[in-house]
Structure formats: C-alpha cells, structure tokens
Amino acid sequence: METLMILLIGVLVSVATYLVLSRNVIRVILGTAVLSHAVHLLILTIGEVKKGEAPLLGNQTANGPYTDALPQALILTAIVISFAVTAFVLVLAFRAYKTNGTDDLEQLRGDEHD
Amino acid sequence: MRINDVILRTVVRFVVFIILTLAIYLFFAGHYSPGGGFIGGLVIASAFVLLYLTFDIEKVQQGIPVDFKKVAALGVFLAVGTGFGSVLFGADFLTQTAQKFHIPLLGDKELGTVMIFELGVALTVVGVVMTIIVSIAEGDGD
Amino acid sequence: MTIHFAIIFPLLMAALIPFIYKAFTKVKIGWFVLLAPVTVFILLARLIPLISSGETQTHTYEWIPSLGINFTTYLDGLSMIFGLLISGVGALVVLYSIFYLSTKEALHNFYCYLLLFMGAMLGVVFSDNLMVLYAFWELTSVSSFLLIAFWHHRRASKAGARKSMLITVTGGIAMLAGFIMLHAMTDTFSIRAMIAQAPSLVEHTLFIPAMICVLLGAFTKSAQFPFHIWLPDAMEAPTPVSAYLHSATMVKAGIYVVARLTPLFAYDLTWFWTVMIVGLITLFWGSFNAVKQTDLKALLAFSTVSQLGLIMSLLGIGSLAFHVDIDATAIIYTQAAFAALFHLINHSTFKGALFMMVGIIDHEAGTRDIRRLGGLMTIMPATFTIAVIGSMSMAGLPPFNGFLSKEMFFTSALHIAEADVLSRASATALVPVIAWIASVFTFIYCMIIVVKTFFGTTEKLPQDRKIHEAPLGMLISPFVLVFFVIAIFFFPNVLATYILAPAMVSIYPGLASMQEMTPHVYAWHGFNTELIMTLGVVLLGFVLYRTLAVWRRIYNTLPAQFTLNHVFNRVLSEGENVSSFVTKLYMTSSLRHYSLYIYVFLIVIIGGYFIVNDAFRFSMANNAEIHVYEVLLVFMMAVAAVAMLFVQSRVTATVLNGVIGFGISIFFVIFRAPDLALTQLIVESVTTVLFLLCFTYLPAWKPEKSSRREKTTNAFIALFVGALVVLVSLSVLHFNEFKTISSFFENAYELAGGKNIVNTILGDFRAFDTMLEVVVLCIAGIGVYTMIKFRMRKGDDRHEN
C-alpha cells in the first residue's frame, strides 16, 4: 500500500512541478495546491498506514494499537495553512492582474529585462 | 454569481442550520471524538459560504451583521490570551487545565481552558475564511 | 556590582533621554546627561585606593552559562585607567557640548548616542568575557557611526560614517574570528582564564591566526596604518564627539585590547614585531601627513593617528619583556609599557584640550581652515593659552606632561636599538631614527597649529561675524584638561603610584612586583641622549617649519591614484559593480528561473547525497495490504493530476484539483484519520469556491506561449523531481533507526484530559504551534483584505456594486 501511495505522490509531485514552472499565474497556484496535497499524503504515508485504529482513545470498538497521531496533527495544521497561503497568492495574482493587465509571469518581470 | 433557483434557496435555508448544528457538535466533541476548533470553524465558515453562494451579499450581511475581521481578531486574542492566562497563575505559557463539572441531565462533563483556546481557533478560522471570501466577492469594483 | 552598574547606568540613561527631552523642554538636557559620567567617575575614583593596593574586583552575572558566556566584570589597574578616562573625559565633553551645540540641533539624538557609546566603551574595558567584550566593541562602532553621521544632511558626514563603520566593523568581525579561535584553543571565554594557560598555547596551530585576527580588530579600531584612513574622515562629527570618541576613548579601545592581551600573545615574537612595526609606521605616516593638512581638525586627526602609533609601538617594545629573564633587562622593556600607559593618559589630556580649542575656533570664527585663520591671539587669549599648552605638550616640550612620556619613549627606542636578545638586532637600530623623525614632524605640526591660527593677520577670516572669546562654559573643560597637562608634569609619580602601577601588573601578571615595574619619573634626568634628541627635534623642527614652503612639494610626489583613500574607494566601487553584475546574472526576476534553481539544487544535493552514500533502499516487506478500490482511487487521482496538464480550461483544472483533494480525504478515511478527512473535505470545498471566485476577475487561459525547449526542460525537471521524491520516500519509508515519539501522545487522556489524540496534540501538547498558526492565518486574512481594499480607496469610489 505504501509503495502504491508513494508512486501516486510521485505523480502528483511531477505534475505540481510542471505546473509551478509554467508561465500562467493560475497554473503556478494550482501547482502549489497540488504540491501541498502531495506533501500531506507523503507525511501520512511515511508515518506508516493501516497499523491501527483511529487515534481516538476509549473507543468502544478497539483499545489500540492506534495509528500514529503526530503526522495527523501536523497535516491538520498544514492543510489550514496551505489554504490560507493559497487564498493569499490567489488574491495576489488577481491584484497583480488588475494592476499590470497580464497574468503571464514572463511579462511581469519588470522593465529591466524587457 | 447569482443563482435564481427557488429550490436551492429553500433547501439552503434549512441546510445551513443543520450544518451550523453539526459545527457546534463537532466543536464540542473535539476532545473525545473527531472534531475540534479547526473543523468546527471550517464547518461554520462553509455554512456561511453556502449562504453567500445562494443569496446576495447584501441580504446575507443583513442577516448576519458581523464584521468577520473582528471575529478573526477576537479569535487570535482568545488563543494567545489563554496562553498568557496560564502565566498569570504561575504556570508555563499555554498550560491547559481542566475541571470536571456535574451538569444535570448530561452527567459528568469536563470543562477546560482548552475549550477557550479551541474557541479562539474556531473564531479565527471563521473570521479569516469569511474575510477572504467576502473581500474577494466584493472586490470586483474596477 | 558597582562595575555592572557603571556599565548599565549610561545605557539606561540613553534609554531615558527621549522622555527627559520631552519632559524638560526649557532646560538643556546636557545637564541631565552630565549625571552619568560624573556618577561613574565618582564610583570608580572611590575604588582607586583598593586597586592601587594591588587588589582586583570581579563580579559575575550569569548570562548564557551553557555557552560559557557570562557577563563578568573585572576591575584591575588597566581597566581602571580606561574607566577613569572614559568617565572623566566624558564628563568634560558633555559639559563642553552643552555650550557647543545649540538647542536647535537634535540634542536628544546626540546625547542618546553619546551615552550609548559611553556605556558600550565601559563595557569593553570592564568585560572579562571575550564575547561580551566583542558585543560592546561593536556597539561602540555603531554609536560612533551614528555620531559621525549626526549631521546626516551633509554628504561628507554620511560618507565618513560609512567609511568608519566599514573599516572598524570589518576589523571587529576579524576579531570575533580571533576570539572564537582562542575559545577553541582554551575552551573558555574568560580573558583571565586564557592568560593563565597562555605559555602552553604558543605551540598551537591556531595561535598565530588568532593573533592576527585580534590584531586586525585592534588596528582598525585604533586607526593604525593602513586602516587609519577612516579617522580623518570621521572628523565630520561634531567637535565634542571628535574630542571624546576619536581622540580620547574609542580609538584607544584597540590599544586596550593589545595591552590586555599582551600576556596572552607576547610569548611569540610575531606579536612584538607586528605591533611595534605597525605602530612605528603609523607614528611616522600620521605625523608626516599631519603637516600637509589645512583643516585644523584633519591635522589633529592625523596627529591622533600618529600618537596612537606611538603608544602601539611602545606596547610592542614592552612585550619583549616576556622573552628575557626576570632581571634588570626585563624591567627595561616593562618601562616601555609603562611609558605607553603614561602617554595614553597624557595624550587624552592634551589632545582633548586641543580638540576643544579647535571647536571653539570653529564655533567663533566660523572656519577651521588654517589658510584663512590668523591673528586670533589678541582676540581669544584664553583659547590661545589652551592651544599653546596643548601643542607644546604634544610636541614634547617641558614643562608639560608630553615631555615626560616622550622622553620615556626615546629611552625605550634607544634600548630596543641596543637589544642583543634579538637575532635581527640590526633592524631595530632604525627604531630610534624613526621615532626621532616622527617627533620632528610632530614638532612642525604643533608649530602650525599655534602660529597659523593665532599669529599673522585676521584679513582672511570670515567677515560676516564679530569674533570674540568663547563663553566661559566652553572654556571650563579645556582648562581642566590643561590643568592636568601641567599638574602631571610636576607630580608624575602620584599618577604612577596610584594609577599606572596596578595597570603594569595587569600587563605583566606575575612577572615582577608592582614596585619593581614602576620607575620613578624624573623631569630632569641628566644631560643624556634623550635630551639631546629632544633638542635636535626642536632645532630641526624649527628650521623645517621656516622652510616649509620649499619642501612642501614632496607631498605631491605620490600620485592621487596610489593614495590609500583612492584604493579604498576603488575597492568599494569595484566590489559594488562586481556584486551587482553577479547578482544580475541569476536574479532575473523570472519566477520560473527561481523555481528552477530550487528544483535543480534539490535534485543535485538530495539526489547526489543519496547516490554518493548509496542510500537508496526499497522494500515492500512491511507494507500494508491493498484493496481493489484503493487501486482505483489512486488511478483516478493520478489521471486527474495528469489531465490537469492538458486541459485548456481553468475551471476544469480547478475541478480536477478538487478531485485530487477529495480523493485525499477519502484516503484520510481509509488511513484512520477522521479529523483530517473532515478538514480536508471542507477546505477543498472552500478552496474551490475561492478559485472560482477569483476566476471572475482573471482572464481566460490562453495557450502557453512557452517555447518547445522551455516545455521540454520543464517536463524533464518535473519527471526528475517526481522520481527523486519517490526514490527518497521509498528509502526512508521503513527507516527504524530512531525510536518513535508518538507513543508519548497515547497518554493523552492522563496528560491532557482528552481522548482525541490529534486534538490534544493541537490544543495542548503543541498548543504553541497552533497558536502561531492561528496568528499566521489571521495575517493571511489581513493580507487578503488589505490587498483588495487598499486599491479601492486609491481608485474611484464605486466599490459598492
């Protein structure tokens, strides 16, 4: 299962990298979104999956072993932060478009390199 | 982004309250089962987002006359404040403590300072998500 | 404790200055400031009997004990001299500045910086810990920078400040490196502990590098050749600052460090040669250049450079005492160090007085240019007295204190010429010659100061003002200093017994007793070589002064492009050009390039590390089982991801991103992470809404305009990164070298009273992270809000649609 997940993560990372390297702002932002998906999955997978119950103590069904809770806490934080960052760069892109009239990053490079 | 769909509007009116109830459940259940401040806050926010998607901004703002920026600020204040609260009692920064209460009908329940902290987190999440959405939605002036 | 207070008090006052300035607008705040140096001076003066009896005082305040960095103050004879100078001259300078600076200036800034400097300088001389000393050392550089640039609307002020900052801070960093090397050798930061193990350090490989680094710091600070170029430019500072920082105290910090570390480094002859030769060159070069100056302050600056070189070379000669047996020969060399300390004090008195004199002239006559000055003797008799006494002392004439220390300097120079302990004795025969020539030039510029300013005609003076004698307040401080110039000549042995003798023990711990190392200073020591040398200086100096117009031309023989200043400017501007060229090579302001750098480095460094160490592992042994629906889900997500690359509509791409996100939330369910599943589900919905909202304002996708080559590169990089992530992840997947810490959190109920482990981690175990995350979230929200709303206010008002 882990190997399969890691292969999936590899595909996601490749796609994200390609998107990040493109010229269009929205594609770059989508790339970062995909990249954070990949990283969340990666953290969870490295923590070893399917090794126990959900990390809820005193559940009627089981009394351990539990799945590693630490990666889950990390990911929970990461999800919320990546949402905030995505929102921020989206607005940044939209602001930049409003100001400069283009969403092409190569045209946003400034006068010096024109 | 205006959807003139009577069925959607009618359904949303009810669904929003169900979602909000769920949110409050999730928030309080957080310490024992899935849920907590983040999730509670996000669910509340998603309920509001649903309202905004269905109705006009003006109409929703009439219904919920809240400045979400202030909600976010209050949330951060609560989250950081509980940290300093424990310092006032001589404990380390952000030490949480809990106390068992006997509440009629509900039985023994535990109430802790962690609830205030979680409330802060939830309010921040609601405030920030709504601030972002509402700002973008309003921001098509020019 | 007293010493800690002495350091902290000026710094505390500096912090209070803004409030005092606000509160008392009627009174000049200089009067409040005066409190700091006077208090410190009295505190220290009360300890003189204790120190002169050979005692020392130590007090430690633990700061970073785990790194061996403690705020330890150490009061002994050497630090006492400097402490008294800093507070004593400080008090006089503050008093002088009250009358010198008009209330229209930014006095609160001035006194704040000045007090900052005072505290820092006291910290330098009283710290026993090298790291603390370094911190204060840099603080003196910073406050000096601020004071030089006090009139920051002047170009020259800014340039001078920048130059001094660059040179002294560069030296300071070298010194830090030296201190760290010393720490590596001795495993302590305490100077006294280092000195205790000094004899065993000579053989260490780091000994010479550490010595050179520390000397670089000391030489840059004390304006030794070739680093002296900052000092003349620093004269753009207000005159009280020049008198205080750039002649009496800060430039002596380098002297202090050399004197303090002599018992540590003197065991190697390199120390002796370096310190003495650099000192002698500085002595000559400073005095030689002072003669050609036309600005009185610049002249005094070069003279300071030269006098600092004199003190430095004396310390170098003094260090030779560590290489001879403890008998009469050692005492000969310790007398050089004695002369150094003696001259240090003398220099502060007469140079302080001279700077204040120049300040008065500048203040009253409106110029410091000796080509315009003249005939002030009758107009300003008091100032004239100061100038004559200060200059004659500087020239080394009786009956002033400069004469005594100059004679002792000659004695030491003659001794070193005869030294038979050195294999290269012939080279040292030049020492008295250089000393004598430098003294001749010193005599000439002293003549220039007095004659060009006070004799001759007043014709060329600025005519727009009525020149008169300075107000009494401005004359008090220089007269106090001039009083010391004369008093020390008549009673040198009081100073020697109470102040200088204990300092000798600091430089030569355990070498000889305090009494043995303290010579009796005589004003008249017979008709010997030294006296003949002085007479020669006066004679030749007088002749050369009269013929100045004839030989002045030699100053023009050195072309401008070979001067040190030119070299310095050239290096600076070339450095700027090169760095801007190099920076432009890679800072292309193309996001794609920056991302490429990151990815290429990732591939090269991480991939390279794994290949070099052969760290790739692959094992499916401990894998969990796979269900068919999981394979389908993975397949679906992979297809969605790849499809994102090819779709032409941004809405489709966003929806595909959503597919991946929802797929992940299903995996969170499968992998027993209910909290994550819920969060992911909602966040994904909200994110999709966000994207769609933003699309209403952004243009539709056009086909990518990138070239084929660009696309191929991107694809290759993407494939490499993906493959690398897969390989590395597979290798670390079942890495079991470290014990997992997760079992700790399974005690969540006992420790945090919660049963949802994830939530207790967020709310209790790692609540600090969560708190900061909430703050970050709020910042992002504010960022979004302001980005949208601020534009609204600038544009037209139709933001309500």
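Model, not experiment: these values are computed from the prediction.

Parameters at a glance
Numbering of residues starts from 1 in every chain and runs along the sequence as written. The order in which chains are written sets their letters, starting at A; the order in which ligands are written sets their numbers, starting at 1. In keeping with the predicted nature of the model, local features appear solely for residues at pLDDT of at least 70, side-chain atom pairs appear and are counted solely at 80 or more, and the whole-chain, interface and lining totals rest on all residues. Side-chain metrics in this entry use all non-hydrogen atoms of the structure; hydrogen atoms and water are not considered. The contact criterion used is simple: two residues touch if any of their non-hydrogen atoms lie within 4.5 Å. By buried area we mean how much accessible surface two parts lose on assembly, using a 1.4 Å probe and totalling the loss over both. One speaks of a salt bridge when a side-chain nitrogen belonging to Lys or Arg is within 4 Å of a carboxyl oxygen belonging to Asp or Glu. For the purposes of these results, a polar contact is taken to be a pair of N or O atoms within 3.5 Å, where, inside protein, one atom must be able to donate a hydrogen and its partner to accept one; residues adjacent in sequence count only when each atom of the pair is a side-chain atom. Only runs of H or I of at least four residues qualify as helices and only runs of E of at least two qualify as strands under DSSP, and these elements are numbered from the N terminus. Residue polarity is assigned by list, with Asp, Glu, Lys and Arg as charged and Ala, Val, Leu, Ile, Met, Phe, Trp, Tyr, Cys and Pro as nonpolar; anything else, Gly included, falls into the polar class. Convention adopted: a line fitted to C-alpha atoms gives each axis, helices being fitted over their contacting stretch, and angles between N-to-C directions are expressed from 0 to 180 degrees. Crossing handedness is read from the near helix: turned anticlockwise from the far helix by less than a right angle, it gives a left-handed crossing, and turned clockwise, a right-handed one. Paired rings are identified among Phe, Tyr and Trp, the last through its six-membered ring, by centres lying within 6.5 Å, and are further divided according to the angle between planes into stacked (under 30 degrees), edge-to-face (over 60) and tilted (the rest). Relative accessibility under 20% of the residue-type maximum defines a buried residue, over 50% an exposed one, and the middle range a partly exposed one, all with a 1.4 Å probe and only protein chains included. Counted as over-ring charges are cases with an Arg CZ or a Lys NZ within 6 Å of the ring centre that also lie within 35 degrees of the ring normal. Each nonpolar core is a collection of buried residues, namely Ala, Val, Leu, Ile, Met, Phe, Trp, Tyr and Cys, held together in the definition by side-chain atoms within 4.5 Å. Segment limits for the domains were obtained from an automatic or database-derived domain assignment. Any helix carries an expected span of 1.5 Å times its number of residues minus one. The angle between axes fitted to the seven-residue stretch ending at a residue and the seven-residue stretch beginning at it gives the bend at that residue. Note on pairing: two strands pair once DSSP finds at least 2 bridges between them.

> Explain the interface of chain C and chain A to me, please; I cannot follow it from the model alone.
The accessible area lost on association of the parts is a frequent measure of interface size. With 100 residues of chain C at the interface, the matching set in chain A holds 83 residues. Both faces considered, chain C and chain A share a buried interface measuring about 8,400 Å² in area, 73% of it formed by carbon and sulfur atoms. It is C:Phe671, C:Arg672 and C:Met787 that lose the most area in chain C upon contact with chain A, and together they represent 8% of the buried surface on that side. The interface formed by chain C and chain A contains one salt bridge. A:Arg23 is the partner of C:Glu710 in a salt bridge, and the nearest nitrogen-oxygen pair spans 3.5 Å. In this structure, the connection of chain C to chain A is made through six residue pairs in polar contact (both at pLDDT 80 or more). Tallying contributions element by element places helix H30 (residues 708-733) of chain C first for the side of chain C that touches chain A, with 15 residues. Of the residues belonging to the side of chain C that touches chain A, the class tally is 61 nonpolar, 23 polar and 16 charged.

> Would you mind showing me how to read the interface of chain B and chain C here?
Contacts between the two partners involve 46 residues from chain B, matched on the other side by 43 residues from chain C. For the chain B and chain C pair, buried surface summed over both sides reaches about 3,900 Å², with 73% attributable to carbon and sulfur atoms. Counting across the interface, chain B meets chain C through zero salt bridges. Here chain B is connected to chain C by three residue pairs in polar contact (both at pLDDT 80 or more). Contributions of two or more residues to the side of chain B that touches chain C are made by helix H2 (37-54), helix H4 (68-88) and helix H5 (113-138) of chain B. The leading source of residues in the side of chain B that touches chain C is H5(B), at 15 residues. In the side of chain B that touches chain C, the residues fall into 26 nonpolar, twelve polar and eight charged.

> Looking at this model, I keep getting lost on the packing of helix H26 (residues 591-612) of chain C against H30(C). Mind explaining?
Residues and elements named next belong to chain C. The N-to-C vectors of H26 and H30 enclose an angle of 40°; their axes lie 10 Å apart at closest approach. Like other packed secondary-structure pairs, H26 and H30 cross with a definite hand, here left-handed. Here Arg592, Leu596, Tyr599, Val600, Leu602, Ile603, Ile606, Gly607 and Phe610 of H26 lie close against H30, whose contacting residues are Glu710, Thr713, Asn714, Ile717, Phe720, Val721, Leu724, Val728 and Ser731.

> What is the right way to read unusual backbone geometry from this model?
Phi is mostly negative for residues that are not glycine, and the peptide bonds are mostly trans. All names here are of chain C. Note that the residue after Phe225, namely Pro226, is joined by a cis bond; omega there is 0°. Mapped onto the elements of the fold, Pro226 is located in the loop between helix H9 (207-221) and helix H10 (230-233). The linkage connecting Pro398 with the following residue, Pro399, adopts the cis geometry, with an omega of 0°. For Pro399, the location among the structural elements is in the loop between helix H16 (381-395) and helix H17 (401-418). Even without being glycine, Ala223 reaches a positive phi, approximately 55°. Its identity as a non-glycine residue notwithstanding, Ser589 has a phi of 50°, on the positive side. Tracing the sequence through the fold places Ser589 in the loop between helix H25 (564-586) and H26.

> What exactly am I supposed to notice about the packing of aromatic side chains here?
Remark: the centre distance and the inter-plane angle together describe each pair of aromatic rings, the angle taken between the planes. All names here are of chain C. Throughout the structure, instances matching the rule amount to 35 aromatic pairs over all chains. Considering the side-chain rings of Trp31 and Phe99, the 6.2 Å spacing of their centres and the 90° angle between planes classify their relative orientation as edge-to-face. Highlighted residues: Trp31 in helix H2 (residues 30-33) and Phe99 in helix H4 (residues 77-100), separated in sequence by 68 residues. Classification of Phe99 by relative accessible area gives partly exposed; the value is 30%. Over the ring of Tyr74 we find Arg192; its NZ or CZ atom is 4.5 Å from the centre of that ring. Directly above the aromatic system of Trp137 lies the positively charged group of Lys221, at a separation of 5.1 Å from the ring centroid.

> Help me understand the nonpolar core in this model?
Across soluble globular proteins, you tend to see nonpolar side chains buried next to one another. Residues C:Tyr111 and C:Phe179 are the most contacted members of the largest nonpolar core, which totals 221 residues. Of the residues forming this core, the biggest block, 22 residues, is contributed by helix H15 (residues 328-365) of chain C. With 127 residues, the next largest nonpolar core counts B:Val60, C:Leu596, C:Met637 and C:Ile664 among its residues.

> I tried to follow the domain arrangement of chain C on my own but got confused; where do I start?
Domain boundaries assigned for chain C yield domain 1 (266-556), domain 2 (591-738) and domain 3 (739-801). Relative to domain 3 of chain C, the C-alpha centre of domain 1 of chain C lies at a distance of 67 Å.

> Got a minute to help me understand helix H12 (residues 253-265) of chain C in this structure?
One full turn of an α-helix is made of 3.6 residues, so residues set three or four places apart face in the same direction. Given a rise of 1.5 Å per residue, 13 residues ought to cover 18 Å, and the 17 Å separating the end C-alpha atoms of H12(C) matches this to within 8%. At C:Ala259, H12(C) shows its largest kink, close to 30°, and the proline C:Pro263 lies no more than four residues downstream.

> Can you help me understand the pairing of strand S2 (residues 69-75) of chain C in this one?
Along any regular strand the residues' side chains alternate between the sheet's two faces. Residues and elements named next belong to chain C. Taking burial as the measure, the seven residues of S2 include seven buried ones, the bulk of the element. Side-chain alternation along S2 places Ile69, Phe71, Thr73 and Leu75 on one buried face and Asn70, Thr72 and Tyr74 on a second face that is also buried. Taken together, the seven bridges between strand S1 (residues 57-64) and S2 define a ladder with antiparallel strand orientation. Paired with His59 across the strands is Thr73, a residue of S2. Counting the residues between successive antiparallel strands, the hairpin from S1 to S2 contains four residues, one of them, Gly68, with a positive phi of roughly 75°.

> I'm lost on the packing of helix H3 (residues 35-52) of chain C against helix H21 (residues 492-507) of chain C in this one. Help?
Geometrically, a packed helix pair is captured by the angle between its two axes and the distance between the axes. Residue and element names in this part refer to chain C. Two elements in contact, H3 and H21, have axes separated by 9 Å at closest approach and are oriented at 65°. Where H3 crosses over H21, the two elements pack in a sense that is left-handed. Residues Ile48, Ile51 and Ser52 of H3 form the contact with H21, whose participating residues are Thr497, Tyr498, Ile499 and Pro502.

> What's the story with the pattern of salt bridges in this structure? I'm lost.
Any two side chains of opposite charge can pair, on the condition that their charged atoms come close. Residues and elements named next belong to chain C. On inspection of all chains with the given rule, the structure shows 13 salt bridges over all chains. For Arg154, the salt bridge is made with Glu236, and the minimal N-O distance between the two is 3.9 Å. With Arg154 in the loop between helix H6 (130-148) and helix H7 (155-186) and Glu236 in the loop between H10 and helix H11 (239-248), the pair connects residues that are 82 residues apart, well separated along the chain. Classification of Arg154 by relative accessible area gives partly exposed; the value is 36%. Asp233 is the salt-bridge partner of Lys163, the closest N and O atoms lying 2.9 Å from each other. In this pair, Lys163 is assigned in helix H7 and Asp233 in helix H10, connecting sequence segments 70 residues apart.

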